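Letter by letter, the chains look like this.
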Amino acid sequence: MLNFIWIFFFASAFVVALIKLLIFGDTQIFGQMMTAMFSLSKTAFEIALGLTGVLALWLGIMKIGERSGFIQILTTWLSPLFIRLLPEVPKNHPALGAIVMNMSANALGLDNAATPLGIKAMQELQKLNPLKDTASNAQILFLVINTSAVTLFPVTIFTYRAQMGAANPTDVFIPILIATYASTLMGLLTVAAVQKINLFDKVILAYLGGFSALIFGLLAYFSHLPQAEMLAQSALISNVTLFSLVMLFITGAVIKKVNAYDAFIDGAKEGFSTAVTIIPYLVAMLVAIGVFRASGALDLLAEGLRSLVLSLNMDDRFIDALPTALMKPFSGSGARAMMIDTMQSHGADSFAGRLSSIVQGSTETTFYVLAVYFGSVGIKKIRHAAACGLAADAAGILAAIAIAYWFFS
(Lines give C-alpha, C1' and ligand atoms only; values in the text may rest on other atoms or scores of the structure.)
Protein backbone atom coordinates (compact mmCIF):
# COMPACT_ATOMS: atom_id res chain seq x y z
CA MET A 1 0.00 0.00 0.00
CA LEU A 2 2.73 2.45 0.97
CA ASN A 3 4.61 1.55 -2.21
CA PHE A 4 1.48 2.28 -4.30
CA ILE A 5 0.88 5.63 -2.58
CA TRP A 6 4.53 6.67 -3.01
CA ILE A 7 4.56 5.79 -6.71
CA PHE A 8 1.20 7.52 -7.22
CA PHE A 9 2.57 10.83 -5.88
CA PHE A 10 5.48 10.78 -8.32
CA ALA A 11 3.52 9.45 -11.31
CA SER A 12 0.64 11.92 -10.98
CA ALA A 13 3.10 14.80 -10.46
CA PHE A 14 4.99 13.79 -13.61
CA VAL A 15 1.81 13.57 -15.72
CA VAL A 16 0.53 16.96 -14.54
CA ALA A 17 3.94 18.59 -15.08
CA LEU A 18 4.24 17.07 -18.55
CA ILE A 19 0.83 18.46 -19.52
CA LYS A 20 1.85 21.89 -18.23
CA LEU A 21 5.07 21.78 -20.24
CA LEU A 22 3.77 20.40 -23.55
CA ILE A 23 0.34 22.05 -23.66
CA PHE A 24 0.71 25.24 -21.64
CA GLY A 25 4.41 25.88 -22.25
CA ASP A 26 5.34 26.03 -18.56
CA THR A 27 9.12 25.58 -18.82
CA GLN A 28 9.62 26.18 -15.10
CA ILE A 29 7.49 23.34 -13.76
CA PHE A 30 10.12 20.59 -13.78
CA GLY A 31 12.62 22.97 -12.18
CA GLN A 32 10.11 23.69 -9.43
CA MET A 33 9.62 19.97 -8.86
CA MET A 34 13.36 19.35 -8.64
CA THR A 35 13.67 22.25 -6.21
CA ALA A 36 10.90 20.68 -4.11
CA MET A 37 12.73 17.34 -4.10
CA PHE A 38 15.98 18.82 -2.81
CA SER A 39 14.22 21.17 -0.40
CA LEU A 40 12.02 18.47 1.13
CA SER A 41 14.89 15.99 1.48
CA LYS A 42 16.72 18.64 3.49
CA THR A 43 13.56 19.36 5.49
CA ALA A 44 13.14 15.64 6.28
CA PHE A 45 16.67 15.47 7.68
CA GLU A 46 16.13 18.65 9.70
CA ILE A 47 12.91 17.23 11.15
CA ALA A 48 14.69 14.03 12.17
CA LEU A 49 17.56 16.08 13.61
CA GLY A 50 15.10 18.23 15.53
CA LEU A 51 13.41 15.11 16.86
CA THR A 52 16.67 13.74 18.24
CA GLY A 53 16.74 15.90 21.35
CA VAL A 54 13.02 15.57 21.96
CA LEU A 55 13.14 11.79 21.51
CA ALA A 56 16.10 11.51 23.87
CA LEU A 57 14.29 13.65 26.47
CA TRP A 58 10.94 11.87 26.48
CA LEU A 59 12.19 8.34 26.03
CA GLY A 60 14.51 9.03 28.96
CA ILE A 61 11.57 10.19 31.08
CA MET A 62 9.55 7.16 29.93
CA LYS A 63 12.32 4.86 31.10
CA ILE A 64 12.14 6.45 34.56
CA GLY A 65 8.37 5.93 34.53
CA GLU A 66 8.81 2.27 33.60
CA ARG A 67 11.37 1.51 36.30
CA SER A 68 9.49 3.48 38.97
CA GLY A 69 6.33 1.46 38.32
CA PHE A 70 4.08 4.46 37.69
CA ILE A 71 3.35 3.59 34.07
CA GLN A 72 2.35 0.14 35.27
CA ILE A 73 -0.34 1.77 37.42
CA LEU A 74 -1.67 3.70 34.41
CA THR A 75 -1.80 0.61 32.24
CA THR A 76 -3.52 -1.42 34.97
CA TRP A 77 -6.29 1.19 35.10
CA LEU A 78 -6.86 0.94 31.34
CA SER A 79 -6.15 -2.79 30.97
CA PRO A 80 -9.84 -3.83 30.74
CA LEU A 81 -10.21 -1.59 27.67
CA PHE A 82 -6.92 -2.57 26.04
CA ILE A 83 -7.55 -6.29 26.52
CA ARG A 84 -10.60 -5.92 24.28
CA LEU A 85 -9.20 -3.45 21.74
CA LEU A 86 -5.72 -4.99 21.56
CA PRO A 87 -6.19 -8.70 22.32
CA GLU A 88 -2.73 -9.60 20.99
CA VAL A 89 -1.00 -7.38 23.58
CA PRO A 90 -0.47 -9.09 26.97
CA LYS A 91 -1.91 -7.50 30.08
CA ASN A 92 0.42 -4.87 31.64
CA HIS A 93 2.83 -4.98 28.67
CA PRO A 94 5.14 -1.88 28.43
CA ALA A 95 3.51 -0.94 25.12
CA LEU A 96 0.27 -0.13 26.92
CA GLY A 97 1.96 2.43 29.15
CA ALA A 98 3.53 4.18 26.17
CA ILE A 99 0.15 4.22 24.39
CA VAL A 100 -1.52 5.80 27.43
CA MET A 101 1.17 8.47 27.68
CA ASN A 102 1.02 9.19 23.95
CA MET A 103 -2.75 9.60 23.96
CA SER A 104 -2.54 11.86 27.01
CA ALA A 105 0.06 14.09 25.34
CA ASN A 106 -2.06 14.28 22.17
CA ALA A 107 -5.13 15.23 24.18
CA LEU A 108 -3.19 18.05 25.82
CA GLY A 109 -1.91 19.30 22.46
CA LEU A 110 1.72 18.54 23.39
CA ASP A 111 3.08 17.39 20.01
CA ASN A 112 6.71 17.45 21.12
CA ALA A 113 5.92 14.89 23.80
CA ALA A 114 3.39 12.85 21.82
CA THR A 115 5.72 11.89 18.94
CA PRO A 116 8.51 10.23 20.95
CA LEU A 117 5.97 8.52 23.19
CA GLY A 118 4.16 7.23 20.11
CA ILE A 119 7.41 5.92 18.65
CA LYS A 120 8.15 4.20 21.94
CA ALA A 121 4.73 2.55 21.86
CA MET A 122 5.28 1.39 18.27
CA GLN A 123 8.66 -0.09 19.20
CA GLU A 124 7.14 -2.02 22.10
CA LEU A 125 4.33 -3.30 19.88
CA GLN A 126 6.93 -4.38 17.33
CA LYS A 127 8.42 -6.74 19.91
CA LEU A 128 5.12 -8.64 19.85
CA ASN A 129 4.83 -8.54 16.05
CA PRO A 130 5.57 -11.96 14.45
CA LEU A 131 5.99 -10.43 10.95
CA LYS A 132 8.56 -7.67 11.42
CA ASP A 133 8.03 -5.98 8.04
CA THR A 134 4.21 -6.08 8.27
CA ALA A 135 2.04 -3.96 10.55
CA SER A 136 0.16 -5.94 13.20
CA ASN A 137 -3.49 -5.32 14.12
CA ALA A 138 -2.42 -3.63 17.36
CA GLN A 139 0.02 -1.33 15.57
CA ILE A 140 -2.62 -0.32 13.02
CA LEU A 141 -5.26 0.42 15.66
CA PHE A 142 -2.79 2.48 17.66
CA LEU A 143 -1.61 4.42 14.62
CA VAL A 144 -5.12 5.21 13.37
CA ILE A 145 -6.28 6.39 16.79
CA ASN A 146 -3.08 8.43 17.04
CA THR A 147 -3.57 10.15 13.68
CA SER A 148 -7.12 11.10 14.64
CA ALA A 149 -6.58 11.63 18.36
CA VAL A 150 -8.75 14.12 20.19
CA THR A 151 -6.87 17.32 21.04
CA LEU A 152 -8.56 18.99 23.98
CA PHE A 153 -6.45 22.16 23.93
CA PRO A 154 -5.57 23.36 20.38
CA VAL A 155 -3.65 26.35 21.73
CA THR A 156 -1.40 26.64 18.64
CA ILE A 157 -4.38 27.28 16.38
CA PHE A 158 -5.71 29.92 18.77
CA THR A 159 -2.33 31.62 18.68
CA TYR A 160 -2.22 31.73 14.86
CA ARG A 161 -5.75 33.12 14.75
CA ALA A 162 -4.80 35.83 17.23
CA GLN A 163 -1.75 36.74 15.15
CA MET A 164 -3.92 36.97 12.03
CA GLY A 165 -6.24 39.46 13.72
CA ALA A 166 -9.24 37.31 14.68
CA ALA A 167 -11.69 39.22 16.88
CA ASN A 168 -12.18 36.10 19.01
CA PRO A 169 -9.41 33.55 18.28
CA THR A 170 -11.03 30.86 20.42
CA ASP A 171 -14.43 30.90 18.72
CA VAL A 172 -13.41 27.71 16.87
CA PHE A 173 -12.71 25.79 20.09
CA ILE A 174 -15.99 23.87 20.32
CA PRO A 175 -16.15 23.17 16.55
CA ILE A 176 -12.60 21.76 16.67
CA LEU A 177 -13.44 19.45 19.57
CA ILE A 178 -16.54 18.14 17.83
CA ALA A 179 -14.67 17.60 14.55
CA THR A 180 -11.71 15.83 16.14
CA TYR A 181 -14.10 13.67 18.18
CA ALA A 182 -15.84 12.63 14.94
CA SER A 183 -12.45 11.82 13.38
CA THR A 184 -11.39 9.65 16.31
CA LEU A 185 -14.71 7.82 16.41
CA MET A 186 -14.54 7.08 12.67
CA GLY A 187 -10.96 5.83 13.00
CA LEU A 188 -11.99 3.44 15.76
CA LEU A 189 -15.09 2.26 13.86
CA THR A 190 -13.22 1.54 10.61
CA VAL A 191 -10.42 -0.40 12.31
CA ALA A 192 -12.95 -2.27 14.44
CA ALA A 193 -14.86 -3.25 11.31
CA VAL A 194 -11.75 -4.59 9.56
CA GLN A 195 -10.33 -6.31 12.64
CA LYS A 196 -13.75 -7.51 13.88
CA ILE A 197 -13.51 -5.80 17.27
CA ASN A 198 -16.78 -5.89 19.21
CA LEU A 199 -17.38 -2.25 20.12
CA PHE A 200 -20.68 -3.16 21.79
CA ASP A 201 -18.81 -4.91 24.57
CA LYS A 202 -20.00 -3.46 27.90
CA VAL A 203 -16.48 -2.57 29.03
CA ILE A 204 -15.63 -0.76 25.76
CA LEU A 205 -18.93 1.12 25.86
CA ALA A 206 -18.28 2.14 29.45
CA TYR A 207 -14.83 3.55 28.65
CA LEU A 208 -16.05 5.30 25.49
CA GLY A 209 -18.94 6.78 27.46
CA GLY A 210 -16.55 8.01 30.13
CA PHE A 211 -14.20 9.60 27.61
CA SER A 212 -17.13 11.19 25.80
CA ALA A 213 -18.44 12.61 29.08
CA LEU A 214 -14.98 14.07 29.79
CA ILE A 215 -14.80 15.75 26.38
CA PHE A 216 -18.27 17.24 26.55
CA GLY A 217 -17.70 18.27 30.16
CA LEU A 218 -14.60 20.20 29.11
CA LEU A 219 -16.61 21.65 26.23
CA ALA A 220 -19.25 22.91 28.63
CA TYR A 221 -16.65 24.40 30.98
CA PHE A 222 -14.38 26.14 28.48
CA SER A 223 -17.18 27.41 26.25
CA HIS A 224 -18.24 29.82 29.02
CA LEU A 225 -14.78 31.28 29.65
CA PRO A 226 -13.58 34.58 28.15
CA GLN A 227 -10.97 34.22 25.39
CA ALA A 228 -7.93 35.25 27.43
CA GLU A 229 -8.97 33.08 30.37
CA MET A 230 -9.58 30.10 28.11
CA LEU A 231 -6.14 30.37 26.51
CA ALA A 232 -4.44 30.82 29.88
CA GLN A 233 -6.24 27.93 31.56
CA SER A 234 -5.80 25.46 28.70
CA ALA A 235 -2.07 26.18 28.51
CA LEU A 236 -1.75 25.99 32.29
CA ILE A 237 -3.59 22.66 32.55
CA SER A 238 -1.45 21.14 29.78
CA ASN A 239 1.88 22.24 31.23
CA VAL A 240 1.05 21.47 34.87
CA THR A 241 -0.28 18.02 33.95
CA LEU A 242 2.79 17.05 31.97
CA PHE A 243 5.37 18.32 34.46
CA SER A 244 3.42 16.71 37.31
CA LEU A 245 3.73 13.37 35.52
CA VAL A 246 7.50 13.89 35.24
CA MET A 247 7.69 14.57 38.97
CA LEU A 248 5.52 11.54 39.76
CA PHE A 249 7.92 9.36 37.76
CA ILE A 250 10.93 10.76 39.59
CA THR A 251 9.21 10.50 42.98
CA GLY A 252 8.31 6.87 42.26
CA ALA A 253 11.94 6.20 41.37
CA VAL A 254 13.10 7.71 44.67
CA ILE A 255 10.58 5.66 46.67
CA LYS A 256 11.58 2.45 44.87
CA LYS A 257 15.28 3.35 45.17
CA VAL A 258 15.71 3.36 41.38
CA ASN A 259 18.60 5.37 39.94
CA ALA A 260 16.53 7.93 37.98
CA TYR A 261 19.55 9.47 36.25
CA ASP A 262 20.82 6.13 34.92
CA ALA A 263 17.30 5.24 33.77
CA PHE A 264 17.03 8.54 31.92
CA ILE A 265 20.37 8.02 30.17
CA ASP A 266 19.36 4.51 29.04
CA GLY A 267 16.13 5.82 27.57
CA ALA A 268 17.82 8.81 25.95
CA LYS A 269 20.24 6.52 24.11
CA GLU A 270 17.26 4.78 22.53
CA GLY A 271 15.96 8.18 21.40
CA PHE A 272 19.14 8.98 19.49
CA SER A 273 19.22 5.67 17.60
CA THR A 274 15.51 5.96 16.77
CA ALA A 275 15.96 9.44 15.25
CA VAL A 276 18.62 8.08 12.89
CA THR A 277 16.40 5.16 11.89
CA ILE A 278 13.47 7.29 10.66
CA ILE A 279 15.49 9.57 8.33
CA PRO A 280 15.14 7.42 5.15
CA TYR A 281 11.39 6.99 5.69
CA LEU A 282 10.85 10.70 6.23
CA VAL A 283 12.90 11.62 3.17
CA ALA A 284 10.94 9.18 1.00
CA MET A 285 7.50 10.40 2.07
CA LEU A 286 8.15 14.14 2.32
CA VAL A 287 9.89 14.30 -1.06
CA ALA A 288 6.95 12.49 -2.71
CA ILE A 289 4.47 14.88 -1.09
CA GLY A 290 6.59 17.90 -2.06
CA VAL A 291 6.72 16.86 -5.72
CA PHE A 292 2.96 16.23 -5.76
CA ARG A 293 2.31 19.71 -4.41
CA ALA A 294 4.90 21.50 -6.60
CA SER A 295 3.50 19.97 -9.78
CA GLY A 296 0.16 21.63 -9.17
CA ALA A 297 -1.67 18.29 -8.86
CA LEU A 298 -3.02 19.29 -5.44
CA ASP A 299 -4.37 22.60 -6.79
CA LEU A 300 -5.89 20.77 -9.76
CA LEU A 301 -7.72 18.45 -7.39
CA ALA A 302 -9.13 21.39 -5.41
CA GLU A 303 -10.35 23.17 -8.54
CA GLY A 304 -11.93 19.98 -9.83
CA LEU A 305 -13.90 19.68 -6.61
CA ARG A 306 -14.99 23.31 -6.89
CA SER A 307 -16.33 22.71 -10.38
CA LEU A 308 -18.22 19.65 -9.17
CA VAL A 309 -19.74 21.54 -6.24
CA LEU A 310 -20.84 24.44 -8.45
CA SER A 311 -22.34 22.07 -11.02
CA LEU A 312 -24.54 20.67 -8.23
CA ASN A 313 -25.68 24.20 -7.27
CA MET A 314 -24.16 23.82 -3.82
CA ASP A 315 -22.58 26.49 -1.62
CA ASP A 316 -18.89 26.58 -2.58
CA ARG A 317 -17.55 28.71 0.27
CA PHE A 318 -15.90 25.67 1.86
CA ILE A 319 -13.72 25.22 -1.25
CA ASP A 320 -11.60 28.22 -0.18
CA ALA A 321 -10.53 26.23 2.91
CA LEU A 322 -10.09 22.98 0.98
CA PRO A 323 -6.30 23.38 0.38
CA THR A 324 -5.82 22.98 4.15
CA ALA A 325 -8.02 19.88 4.15
CA LEU A 326 -6.27 18.32 1.15
CA MET A 327 -2.81 19.03 2.57
CA LYS A 328 -3.59 17.87 6.12
CA PRO A 329 -3.12 14.10 5.58
CA PHE A 330 0.24 14.69 3.87
CA SER A 331 2.05 17.52 5.64
CA GLY A 332 1.41 19.21 8.98
CA SER A 333 3.57 22.21 8.14
CA GLY A 334 2.02 22.39 4.66
CA ALA A 335 -1.50 22.37 6.09
CA ARG A 336 -0.52 25.00 8.64
CA ALA A 337 0.85 27.19 5.83
CA MET A 338 -2.39 26.67 3.88
CA MET A 339 -4.42 27.68 6.94
CA ILE A 340 -2.40 30.87 7.40
CA ASP A 341 -2.63 31.66 3.68
CA THR A 342 -6.42 31.22 3.79
CA MET A 343 -6.71 33.58 6.75
CA GLN A 344 -4.47 36.10 5.02
CA SER A 345 -6.46 35.92 1.78
CA HIS A 346 -9.98 35.83 3.17
CA GLY A 347 -9.60 37.10 6.75
CA ALA A 348 -9.28 35.21 10.03
CA ASP A 349 -12.96 35.74 10.82
CA SER A 350 -14.21 34.82 7.35
CA PHE A 351 -16.04 31.55 6.81
CA ALA A 352 -13.00 30.10 5.01
CA GLY A 353 -10.63 31.38 7.71
CA ARG A 354 -12.61 29.74 10.49
CA LEU A 355 -13.14 26.52 8.53
CA SER A 356 -9.44 26.15 7.76
CA SER A 357 -8.73 26.48 11.49
CA ILE A 358 -11.29 23.80 12.35
CA VAL A 359 -9.88 21.47 9.69
CA GLN A 360 -6.35 22.03 11.00
CA GLY A 361 -7.42 20.89 14.45
CA SER A 362 -9.63 18.01 13.35
CA THR A 363 -7.01 15.36 12.55
CA GLU A 364 -3.29 14.59 12.59
CA THR A 365 -0.98 14.24 9.58
CA THR A 366 -1.63 10.64 8.50
CA PHE A 367 1.24 10.05 6.06
CA TYR A 368 3.79 11.81 8.28
CA VAL A 369 2.77 9.61 11.22
CA LEU A 370 2.89 6.55 8.96
CA ALA A 371 6.41 7.43 7.84
CA VAL A 372 7.73 8.23 11.32
CA TYR A 373 6.02 5.54 13.41
CA PHE A 374 6.27 2.63 11.00
CA GLY A 375 9.66 3.83 9.81
CA SER A 376 10.99 3.70 13.37
CA VAL A 377 10.44 -0.07 13.43
CA GLY A 378 11.11 -0.87 9.75
CA ILE A 379 7.55 -1.74 8.72
CA LYS A 380 7.01 -1.70 4.95
CA LYS A 381 3.65 -3.49 4.57
CA ILE A 382 1.07 -1.26 6.24
CA ARG A 383 -2.06 -3.30 5.33
CA HIS A 384 -5.23 -1.28 6.08
CA ALA A 385 -3.52 1.44 8.14
CA ALA A 386 -3.56 4.15 5.45
CA ALA A 387 -7.14 3.41 4.35
CA CYS A 388 -8.47 3.57 7.92
CA GLY A 389 -6.40 6.67 8.69
CA LEU A 390 -7.72 8.44 5.60
CA ALA A 391 -11.28 7.43 6.52
CA ALA A 392 -10.76 9.13 9.89
CA ASP A 393 -9.33 12.18 8.10
CA ALA A 394 -12.32 12.32 5.78
CA ALA A 395 -14.74 12.10 8.70
CA GLY A 396 -12.93 14.90 10.53
CA ILE A 397 -12.87 17.13 7.45
CA LEU A 398 -16.53 16.51 6.57
CA ALA A 399 -17.51 17.11 10.19
CA ALA A 400 -15.47 20.34 10.17
CA ILE A 401 -17.32 21.57 7.07
CA ALA A 402 -20.75 20.70 8.49
CA ILE A 403 -19.94 22.28 11.87
CA ALA A 404 -18.58 25.44 10.24
CA TYR A 405 -21.86 25.91 8.37
CA TRP A 406 -23.74 25.19 11.60
CA PHE A 407 -21.78 27.66 13.73
CA PHE A 408 -20.71 30.39 11.33
CA SER A 409 -22.99 30.37 8.29
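These remarks concern the structure in this document. Here the structure is a predicted model, which is why all the values come from computation and not from measurement. (Residues numbered from 1 in each chain as written. Predicted model: local features only at pLDDT ≥ 70, side-chain atom pairs only at ≥ 80, totals over all residues. Heavy atoms only, no water.)

1. Observations regarding the overall build of the chain
Then, number 1: Of regular secondary structure, the chain possesses 17 helices and 0 strands.
Then, number 2: For the chain, the C-alpha radius of gyration of 21 Å lies close to 22 Å, the compact-globule estimate for 409 residues.
Then, number 3: Dimensions of the chain along its principal axes, counting C-alpha atoms only, are 70 × 45 × 40 Å.
Then, number 4: For the chain, buried positions account for 53% of its 409 residues.
Then, number 5: For the chain, the share of sequence-separated contacts (at least 6 apart) that also reach a separation of at least 24 residues comes to 78%.
Then, number 6: In the form shown here, the chain has an accessible surface area of approximately 17700 Å², with 68% of it arising from carbon and sulfur atoms.
Then, number 7: For the chain, the distance from the average site of its 24 positive side-chain charges to the average site of its 22 negative ones is 10 Å. (Helix = DSSP H or I, 4+ residues; strand = E, 2+ residues; numbered from the N terminus. Rg over C-alpha atoms; globule rule 2.2 N^0.38 Å. Buried < 20%, exposed > 50% of the residue type's maximum accessible area, 1.4 Å probe, protein only. Contact = heavy atoms within 4.5 Å. Areas by Shrake-Rupley, 256 points an atom, 1.4 Å probe, with all protein chains shown as cover. Lys, Arg positive; Asp, Glu negative; His and termini not counted. Charge placed at Lys NZ, Arg CZ, Asp CG, Glu CD.)

2. Focus: the packing of helix α2 (residues 29-68) against helix α11 (residues 260-294)
Then, number 1: For the pair α2 and α11, the least separation of the axes is 5 Å and the interaxial angle reads 160°. By the angle class used here, α2 and α11 are roughly antiparallel. At the point where α2 passes α11, the crossing takes the right-handed sense.
Then, number 2: Residue composition of the contact of α2 with α11, grouped by class: 30 nonpolar, 8 polar and 5 charged. (Axes fitted to C-alpha atoms, helices over the stretch in contact; angles between N-to-C directions. Parallel < 35°, antiparallel > 145°, perpendicular 65-115°, else oblique. Left-handed = near helix turned anticlockwise from the far one by under 90°. Nonpolar A, V, L, I, M, F, W, Y, C, P; charged D, E, K, R; others polar.)

3. Some remarks on the nonpolar core
Nonpolar side chains in soluble globular proteins tend to be buried together.
Then, number 1: Grouped together as the largest cluster of nonpolar side chains are 122 residues, with contacts concentrated most on Leu85, Leu86, Leu355 and Phe374.
Then, number 2: Of the residues forming this core, the biggest block, 12 residues, is contributed by α2.
Then, number 3: Once you skip the residues sitting within four places of it in the chain, Leu85 turns out to touch Leu141, Leu188, Ile197, Leu199 and Ile204. (Core = buried A, V, L, I, M, F, W, Y, C linked by side-chain atoms within 4.5 Å.)

4. What about the side chain of His93?
Then, number 1: Its location among the elements puts His93 in the loop between α3 (70-85) and α4 (94-107).
Then, number 2: At a separation of 3.0 Å, a polar atom in the side chain of His93 contacts the main-chain amide nitrogen of Ala95.
Then, number 3: Setting aside residues up to four positions removed in sequence, His93 forms contacts with Glu124 and Leu128. (Polar contact = N/O pair within 3.5 Å; in protein donor to acceptor, adjacent residues only side chain to side chain.)

5. A short note on the pattern of salt bridges
A pair can form between side chains of opposite charge whenever their charged atoms are brought close.
Then, number 1: Tallied over the entire structure, the rule returns 17 salt bridges.
Then, number 2: Between Asp201 and Arg84 there is a salt bridge whose closest N-O contact spans 3.0 Å. Here Asp201, found in the loop between α8 (173-195) and α9 (202-222), pairs with Arg84, found in helix α3; they are 117 residues apart in sequence, far enough to count as distant.
Then, number 3: The salt bridge partner of Arg161 is Asp171, with a shortest N-O separation of 3.1 Å. Residue Arg161 is located in helix α7 (residues 155-163), and its partner Asp171 is located in the loop between α7 and α8; the two are separated by 10 residues in the primary sequence.
Then, number 4: Salt bridges sharing partners connect three or more residues here, namely Lys63, Glu66, Lys120, Glu124, Lys127 and Glu270. (Salt bridge = Lys/Arg side-chain N within 4 Å of Asp/Glu carboxyl O.)

6. With respect to the environment of Ser345
Then, number 1: In this structure, Ser345 sits in helix α14 (residues 332-346).
Then, number 2: When the C-alpha positions of Ser345 and Gln123 are compared, they lie 43 Å apart, and in sequence the two are 222 residues distant.

7. Overview of α8
Then, number 1: With 23 residues, α8 extends 33 Å from end C-alpha to end C-alpha; this agrees with the ideal 33 Å at 1.5 Å per step.
Then, number 2: Lys196 sits one or two positions beyond α8 and adopts a positive phi of about 60°. (Expected span 1.5 Å × (residues − 1).)

8. A short note on unusual backbone geometry
Then, number 1: You will see that Lys257, though not glycine, has its phi angle at about 60°, which is positive.
Then, number 2: Relative to the assigned elements, Lys257 resides in the loop between α10 (227-255) and α11.
Then, number 3: Within the chain, Arg383 stands out as a residue other than glycine whose phi angle is a positive 50°.
Then, number 4: Structurally, Arg383 can be placed in the loop between α16 (366-375) and α17 (385-408).

9. Considerations on the side chain of Asn146
Then, number 1: Secondary-structure assignment places Asn146 in helix α6 (residues 137-147).
Then, number 2: With relative accessibility at 4%, the residue Asn146 sits in the buried group.
Then, number 3: There is a polar contact of 2.4 Å between the side chain of Asn146 and the side chain of Asn102.
Then, number 4: Residues contacting Asn146, with those up to four places away along its chain left out, are Asn102, Asn106, Glu364, Val369 and Tyr373.

10. Regarding the packing of aromatic side chains
Then, number 1: According to the stated counting rule, one finds 14 aromatic pairs in the structure shown.
Then, number 2: When the centroid spacing of 5.6 Å and the interplanar angle of 70° are considered together, the rings of Tyr181 and Phe216 count as edge-to-face. With a gap of 35 residues between them, Tyr181 in helix α8 and Phe216 in helix α9 connect regions that are remote in the sequence.
Then, number 3: What links up through ring pairs into an aromatic cluster is the set Phe8, Phe9, Phe292 and Phe367.
Then, number 4: Over the aromatic face of Phe351 sits the side chain of Arg317, whose NZ or CZ is 4.5 Å from the ring centroid. (Phe/Tyr/Trp six-rings, centres within 6.5 Å; stacked < 30°, edge-to-face > 60°. Lys NZ or Arg CZ within 6 Å of the ring centre and 35° of its normal.)

11. Here we look at the environment of Leu305
Then, number 1: For Leu305, the location among the structural elements is in helix α12 (residues 297-311).
Then, number 2: Note: C-alpha distance between Leu305 and Gln28 (277 residues apart in sequence) is 26 Å.

12. With respect to α12
Then, number 1: End to end, α12 covers 21 Å across 15 residues, agreeing with the expected 21 Å (1.5 Å per residue, within 8%).
Then, number 2: Listed as buried for α12 are Ala297, Leu298, Ala302, Arg306 and Val309.

13. Topic: the packing of α11 against α16
Then, number 1: At their nearest, the axes of α11 and α16 sit 8 Å apart, and the two run at 160° to each other. For the element pair α11 / α16, the angle class is roughly antiparallel. For α11 against α16, the interelement crossing comes out right-handed. On the side of α11, the interface is formed by Thr277, Ile278, Tyr281, Leu282, Met285 and Ile289, while α16 contributes Phe367, Tyr368, Ala371, Val372 and Gly375.
Then, number 2: Among the residues making up the contact of α11 with α16, the classes are represented as 9 nonpolar, 2 polar and no charged.

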